[in-house]
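# Secondary and tertiary structure notes
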Amino acid sequence: MSKRITWIHTADLHLGAPFRGLRALSPAWADRMVEAIPEAFDRLIDLAIQREVDFMAIAGDIFDAAQPSYRDVLHFADGMKRLSDAGIPVYFCTGNHDPYTSWKNSYVRLPESVHMFPASQPGFFLYERDGEPLCVLGGRGYYNQTVSAEENLAAGITKTAAQAALGVEAPFGVGVLHTGLHLDNIKAPTDPRELRAAGFDYWALGHIHQPYFDTPIDPHLVFSGCIQGRDIKETGSRGCYVVTLEEGAPNQAEFVPLASVVWQKLTVDISECATLTDCHDAIMRELFTANGHAQCEEMVERVTLVGKTPLHHILRQPGVVEDLRQQINDGYPVFFCDALIDRTSQPIDRAALAAEGLFPSALLAQSALMEDSPSDQVDYLQHEFLAHSLQLPSSCVRDIDRLIREAEEEVLDLLGGPTDD
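Just so it is clear, the structure is predicted and the values come from calculations on it, not from any experiment.

## Focus: the overall build of the protein
Secondary structure summary: the protein contains 13 helices and 15 strands in total. Principal-axis analysis of the C-alpha atoms places the extent of the protein at approximately 90 × 50 × 45 Å. For the protein, the residues scored as buried account for 49% of the 421 residues in total. Carbon and sulfur atoms make up 51% of the accessible area of the protein, which totals about 20100 Å². Within the protein, one finds 32 positive and 61 negative side-chain charges whose respective centroids are separated by 5 Å.

What follows is the structure in structure tokens.
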């Protein structure tokens, strides 16, 4: 019978992380988010016990700060004790937020089943089941909050080195590292080719907050992502991977959502909406759809309205968009819209404007000439930016056609005029 182990890969717990930006909009939601990360951590522990996994690997940044609060340390220690009581060992490395130096004066003693990889050199541990060696684990953590650009945290961490250091042979090998890999060239980057050549079956990686793996079939280099999104930059489901390694079979990594509150960015086309009530209903439909896909209880969303609509001028009136945002939040309390952004435009009948022969007609003609000579427009922008000692962003060069059209629509919108209706 082939040997098999099932374990949890997690990282970037960030216990104690603050939530900025919500307090001014909603004190109640700001308070709710403070509890979201501890809740996600508790779900992580519950999952490990319910699944009866062999062990858990945590790839750095357990805490958000190098000096975590006593409350957060106690919460983590309680989770580790629950795992210990269930017979589930834990192996973890330190990250840039919780470096090795911050663990030297810990408030509590962790169970003996919790093992921390060293930070000054590679470290190795052995997982056994009923006395049988099943998996060697190799890893190294951050010593301080930064790693020198000349230092390679992955150096010397191989399955061969692990088996030699531990004096055993095991069917499986797992690497644990907090690294930017090739996705972040600032924070302890490592070469994916080096990790693949290390002989491990799986690398449990931390630091990148978005779930990522190198291949959907038989993944070997994996970021589990953070367990709870903290702001609008961390949208979508957040959780951990339940990993199964089996002799002669591809690796299996099952993503399990843990976040109780998910952040989302939504774009809602209201071009078919005739009234603000229609607009509200269109937004709510999108919210429910996104909530279903995210598999979460609660959701903080940022909504951008788009489309050519006669409602455009109504939405531009003072207070209308904010009133609509409040109506959304009042209608369904488990959703919170932190910002409602109007990116709609007025339907414009260009043919009618051109036929009038007035200023809008001249504007359209000039706009057409600009679209025919995009390089000239780039040169003009370059000159204007240099005149103000500024560098022209490369995005302006790439998107010059779009910028010309947006400028045209903005001026026509300010002027008003015949619409498609």
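## Comments concerning the sheet that holds strand β1 (residues 4-10)
Across the sheet, which stays open at both edges, the six strands sit in the order β4-β3-β2-β1-β11-β12 with mixed pairing between neighbours. Of all the strands in the sheet, just β4 (114-116) and β12 (252-257) have a single pairing partner and so form its edges. With direction set aside, neighbouring strand axes in the sheet form an average angle of 20°. As paired strands, strand β2 (residues 55-59) and strand β3 (residues 90-93) are joined by four bridges and run parallel to one another. Its bridge partner being in β3, A57 is matched across the sheet by Y91.

## A word on the packing of aromatic side chains
Applying the stated rule across the entire model yields 20 aromatic pairs. Look at Y241 and F255: their rings are 5.6 Å apart centre to centre, the planes differ by 70°, and that puts the pair in the edge-to-face class. Remark: F255 occurs in strand β12 and Y241 occurs in strand β11 (residues 239-246); sequence separation between them is 14 residues. Members of the aromatic cluster, joined through ring pairs, are W7, F55, Y91, F117, F125, Y127 and Y202.

## Section: the pattern of salt bridges
For the structure shown, the criterion picks out 15 salt bridges. The closest approach of N and O atoms between E39 and R32, which form a salt bridge, is 3.0 Å. For R32, a relative accessible area of 17% gives the class buried. In this structure, E298 engages R32 in a salt bridge whose closest nitrogen and oxygen atoms are separated by 2.7 Å. In this pair, E298 sits in strand β14 (residues 298-306) while R32 sits in helix α1 (residues 27-34), placing the two residues 266 residues apart along the sequence. Residues E298 and R32 agree in their burial class; the two are buried. Each of R32, E39 and E298 takes part in salt bridges that share partners, so that together they form one network.

The rules behind these values
Residues numbered from 1 in each chain as written. Predicted model: local features only at pLDDT ≥ 70, side-chain atom pairs only at ≥ 80, totals over all residues. Heavy atoms only, no water. Helix = DSSP H or I, 4+ residues; strand = E, 2+ residues; numbered from the N terminus. Buried < 20%, exposed > 50% of the residue type's maximum accessible area, 1.4 Å probe, protein only. Areas by Shrake-Rupley, 256 points an atom, 1.4 Å probe, with all protein chains shown as cover. Lys, Arg positive; Asp, Glu negative; His and termini not counted. Charge placed at Lys NZ, Arg CZ, Asp CG, Glu CD. Pairing = 2+ DSSP bridges. Axes fitted to C-alpha atoms, helices over the stretch in contact; angles between N-to-C directions. Phe/Tyr/Trp six-rings, centres within 6.5 Å; stacked < 30°, edge-to-face > 60°. Salt bridge = Lys/Arg side-chain N within 4 Å of Asp/Glu carboxyl O.

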